[in-house]
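# Chains, contacts and geometry: an overview
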Amino acid sequence: MDKESYEMAKLALKDFEPSIKPYRNNEEIDVHNHIPENGLDKQSIIKVLKNFNQLEEHRWKEGYVSGAVYNLDQEHIDFQNQAYSIHSQSNPLHFDVWPSTTKFEAEIVSMTANMMSAEKVEDEIVGVVSSGGTESILLAMKAYRDWAKETKGITEPEMICSDSAHVAFDKASHYFGIKMIRIPMADDFRMDVEAAKKAINKNTIVLVGSAPHFPHGIIDPIEELSEIAQKAGIGFHTDACLGGFLLPWAEKLGYDVPLFDFRLPGVTSMSVDTHKYGYAAKGTSVVLYRGVELRHYQYYVATNWPGGLYFSPTFAGSRSGALSVACWASMVSLGEDGYLKATKNILETAKFIKEEIAKIPELYVLGDPLFVVAFASDSLSIYSVQDFLSKRDWSLSGLHRPACVHISLTQRHTQPGLAQKLINDLKDAVQYAKDNPQEQGEMAPIYGLAGNVETRGMLDDVLKVLMDMIYMV
Ligand SMILES: *Cc1c(COP(=O)(O)O)cnc(C)c1O
């Protein structure tokens, strides 16, 4: 970014600073630019932390935020914190010092694999614990790149995703030099099978489907897509970051859930997030592979370093074993009955919200989702609706291409009366947007820039400067 663009981006963001960094330039709030000369009193530090928490907890605790915190019981959070604190010093890199951590991680992988039907298939399903959905996806894509290079001699690899697949796949493309082929969604927001088939060429290493995808919560036609991939001799990754810990239970409850896991022979890898509907604290996810060969392409080993023999399964070197312990504790304490109950409550809440939105004439739900509800309007600005909802404390996601707003429903939204409150606020928001057509919503001009190739570069710069701003003391 040249100097002029940098200055322009800074100027564009100036007005947003107070909302992005609300604690800056506030005389009542201490700032630490340097390590304090003398250590501070621990009780006063805890007080500071508690004060910030008190300022921030209302929205996520009471269920006003899309996604973000998926569990509901304070008791479940306290229990994980206890598990974390017992193992807070552990580091899986030192597997000899903390062999229990590796036992817990192996069990997380195994429990997740079996939830994804590992025991129902002949192939061995293996995996590792990563730091989150993005890392699981990056690891899998890196494994495919190295696999394709070694076994097929592919040096200009390509991956095929629907437009709706998570942006972490673009990140993988960017980091690992894999060409990204994005294909438009079909009218029902599922991946377009014919277009996917046509996009495959001799450089394709992997085809990706989501169960479901983030924007509209729609499950791609994984069965047909994975069959195409299998016939073409390429990898197929099911991104079940969002749905992995919910869809198996939905299926058990009798909901109509299409196959998306290892029961489909073409599915060669999956990403499944424990830190979403697994109800674990943030910082863990699982990546799974059909067979040990692919997992070997993910690993890193070094045998010629003066620091000694080195190997690490994921991108990190040292990492927290305690997060894995908390994740394991979350899974075994909830059990099947806990997951079934949570899933039932979420799906019933989602059904109510979908039905109520369908009754609002100005709005419609995109596609036929299970638990992520995206809604749009043909007659008014959906970003204006979103702004109005923000004023009532809701933090929903604004999306574009097409313009819509979504709510990813979690256990927090199953609290009594909350879904009805959302519908009431939504009705008021629609009325407001109708009465004030001149207000297009804060995000409208920004998505306007994003929608134009000539201004998109400018928006890239603005987002980089926004990140700079986040790191301002
Ligand atoms: C959340 C999500 C991811 C990435 O997850 P992070 O944990 O935020 O890195 C990937 N795919 C889908 C469908 C998701 O919903």
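### Quick word on the overall build of the protein chain
- Secondary structure summary: the protein chain contains 16 helices and 13 strands in total.
- In terms of C-alpha radius of gyration, the protein chain reaches 23 Å, essentially the compact-globule figure of 23 Å for 473 residues.
- With the C-alpha coordinates of the protein chain rotated into their principal frame, the extents come out at 65 × 60 × 55 Å.
- Within the protein chain, the fraction of its 473 residues that count as buried is 48%.
- Contacts in the protein chain between residues at least 24 apart in sequence constitute 73% of all its contacts with a sequence separation of at least 6.
- By element, 54% of the accessible surface of the protein chain is carried by carbon and sulfur atoms, the whole surface being about 24,100 Å².
- Where the 45 positive side-chain charges of the protein chain centre and where its 63 negative ones centre are 1 Å apart.

### Regarding the layout of surface pockets
- Reported here for the second largest pocket is a volume of approximately 580 Å³.
- When residues of the lining of the second largest pocket are traced back to their parent elements, those giving at least two are α5 (99-115), β1 (125-130), β8 (300-302) and β9 (310-312).
- The element that contributes the greatest number of residues to the lining of the second largest pocket is α5, accounting for four residues.
- Considered class by class, the residues forming the lining of the second largest pocket number 15 nonpolar, five polar and four charged.

### Brief notes about the site of the ligand
- Near the ligand you find 13 residues, and of these Gly133, Thr134, Asp239, His275 and Lys276 are the closest.
- Within the side chain of Thr134, an N or O atom sits 2.5 Å from an oxygen atom of the ligand.
- Here a nitrogen atom of the ligand sits 2.6 Å away from a polar atom, N or O, in the side chain of Asp239.
- Classifying every residue of the shell around the ligand by side-chain character gives five nonpolar, five polar and three charged.

### With respect to helix α9 (residues 222-232)
- Restricting attention to buried positions, one finds in α9 the residues Ile222, Leu225, Ser226, Ile228 and Ala229. Taken down its axis, α9 places every buried residue within 155° of arc, on the same side.
- Buried residues along α9 sit in contact with α8 (193-199), β4 (204-210) and β5 (235-240).
- One or two positions beyond α9, positive phi appears at Gly233, with a value near 70°.

### Remarks on the packing of helix α15 (residues 443-450) against helix α16 (residues 453-470)
- Running from N to C, α15 and α16 cross one another at 115°; their axes reach a closest spacing of 6 Å. Mapping the contact onto sequence places Ile446, Gly448, Leu449 and Ala450 in α15 and Thr455, Arg456, Met458 and Leu459 in α16.
- Grouping the constituent residues of the contact of α15 with α16 by class yields five nonpolar, two polar and one charged.

### Regarding the sheet that holds strand β13 (residues 404-408)
- Spatially, β10-β11-β13-β12 is the arrangement adopted by the four strands of the open sheet, whose pairing is antiparallel. Here the strands that pair on one side only, and so sit at the sheet edges, are β10 (363-365) and β12 (397-399). Averaged over all pairs of adjacent strands, the angle between their axes in this sheet comes to 30°, without regard to strand direction.
- In terms of strand pairing, β10 meets strand β11 (residues 372-377) through three bridges, oriented antiparallel.

### Let's talk about the pairing of strand β2 (residues 158-162)
- Of all five residues making up β2, five are buried, and the element is well covered by its neighbours.
- Side chains Glu158, Ile160 and Ser162 project from β2 onto one buried face, and the interleaved Met159 and Cys161 project onto a second face that is buried too.
- As paired elements, β2 and strand β3 (residues 179-183) share five bridges and run parallel to each other. Looking across to β3, one finds that Cys161 is bridged to Arg182.
- One ladder, built from three bridges, connects β2 with β4; its direction is parallel. The residue bridging Ile160 from the neighbouring strand is Leu207, located in β4.

### What to know about the confidence of the model for the protein chain
- On average, residues of the protein chain score 97 in pLDDT, and 100% of them reach the 70 mark or higher.
- By mean pLDDT, α15 is the weakest element of the protein chain at 88, and β5 is the strongest at 99.

### Side note on the packing of aromatic side chains
- Scanning all chains against the criterion turns up 16 aromatic pairs.
- Centre to centre, the rings of Phe245 and Tyr339 are 5.7 Å apart; their planes meet at 45°, and the pair counts as tilted. You can see Phe245 sitting in the loop between β5 and α10 (247-252) and its partner Tyr339 sitting in helix α12 (residues 321-358), a full 94 residues away along the chain.
- Judged by relative accessible area, which is 1%, Phe245 ranks as buried.

### Observations regarding the pairing of strand β7 (residues 285-290)
- Of all six residues in β7, six are buried, a share of seventy percent or more.
- Side chains Ser285, Val287 and Tyr289 of β7 all project onto a buried face; the interleaved residues Val286, Leu288 and Arg290 project onto the opposite face, where all are buried too.
- In terms of strand pairing, strand β6 (residues 269-272) meets β7 through four bridges, oriented antiparallel. Bridging across to β7, Val272 finds its partner in Val286.

### Examining empty space enclosed by the protein
- One pass over the structure, following the stated rule, counts one cavity of 30 Å³ or more.
- As for the largest cavity, its lining consists of Trp60, Gly63, Tyr64, Val65, Gly67, Ala68, Val69, Thr410 and Arg412.
- Of the residues belonging to the lining of the largest cavity, the class tally is five nonpolar, three polar and one charged.

### Topic: a nonpolar patch on the surface
- Among the surface-exposed residues, Leu40, Ile45, Ile46 and Leu49 lie close enough to one another that they form a single nonpolar patch of about 330 Å² accessible area.
- On the secondary structure map, Ile46 appears in helix α3 (residues 42-61).

### Side note on the environment of Val301
- The residue Val301 is located in strand β8 in this model.
- Since its relative accessible area comes to 58%, Val301 is described here as exposed.
- When near neighbours in sequence (up to four residues on either side) are disregarded, Val301 contacts Tyr310 and Phe311.

### Some details on the sheet that holds β6
- As summarised here, the arrangement of the seven strands in space is β1-β7-β6-β5-β4-β2-β3, forming an open sheet in which the pairing is mixed. Only two strands of the sheet have a single partner each, and these edge strands are β1 and β3. Neighbour to neighbour, the strand axes of the sheet diverge by 20° on average, direction disregarded.
- Of the strand pairs in this sheet, β4 and β5 are connected by five bridges, and their pairing is parallel. By the bridge assignment, Ser210 is partnered in β5 with Asp239.
- Its contacts with the sheet put helix α6 (residues 133-152) on β1, β2, β4, β5, β6 and β7, and the angle it makes with β7 is roughly 25°.
- Of the strands in this sheet, β2, β3, β4 and β5 are in contact with helix α7 (residues 168-176), which crosses β3 at around 150°.

Reading the values: rules and limits
Residues numbered from 1 in each chain as written. Predicted model: local features only at pLDDT ≥ 70, side-chain atom pairs only at ≥ 80, totals over all residues. Heavy atoms only, no water. Helix = DSSP H or I, 4+ residues; strand = E, 2+ residues; numbered from the N terminus. Rg over C-alpha atoms; globule rule 2.2 N^0.38 Å. Buried < 20%, exposed > 50% of the residue type's maximum accessible area, 1.4 Å probe, protein only. Contact = heavy atoms within 4.5 Å. Areas by Shrake-Rupley, 256 points an atom, 1.4 Å probe, with all protein chains shown as cover. Lys, Arg positive; Asp, Glu negative; His and termini not counted. Charge placed at Lys NZ, Arg CZ, Asp CG, Glu CD. 1 Å grid on protein atoms, 1.4 Å probe; cavity = no way out; pocket = protein on both sides within 12 Å on 5 of 7 lines; lining within 4 Å. Points joined across faces, edges and corners; volume = space filled by probe spheres on them. Nonpolar A, V, L, I, M, F, W, Y, C, P; charged D, E, K, R; others polar. Near = heavy atom within 4 Å. Polar contact = N/O pair within 3.5 Å; in protein donor to acceptor, adjacent residues only side chain to side chain. Arc of directions from axis to C-beta. Axes fitted to C-alpha atoms, helices over the stretch in contact; angles between N-to-C directions. Pairing = 2+ DSSP bridges. pLDDT = per-residue confidence, 0-100. Phe/Tyr/Trp six-rings, centres within 6.5 Å; stacked < 30°, edge-to-face > 60°. Patch = residues over 30% accessible without salt bridge, like charges linked within 9 Å, V, L, I, M, F, W, Y side chains within 5 Å. Salt bridge = Lys/Arg side-chain N within 4 Å of Asp/Glu carboxyl O.

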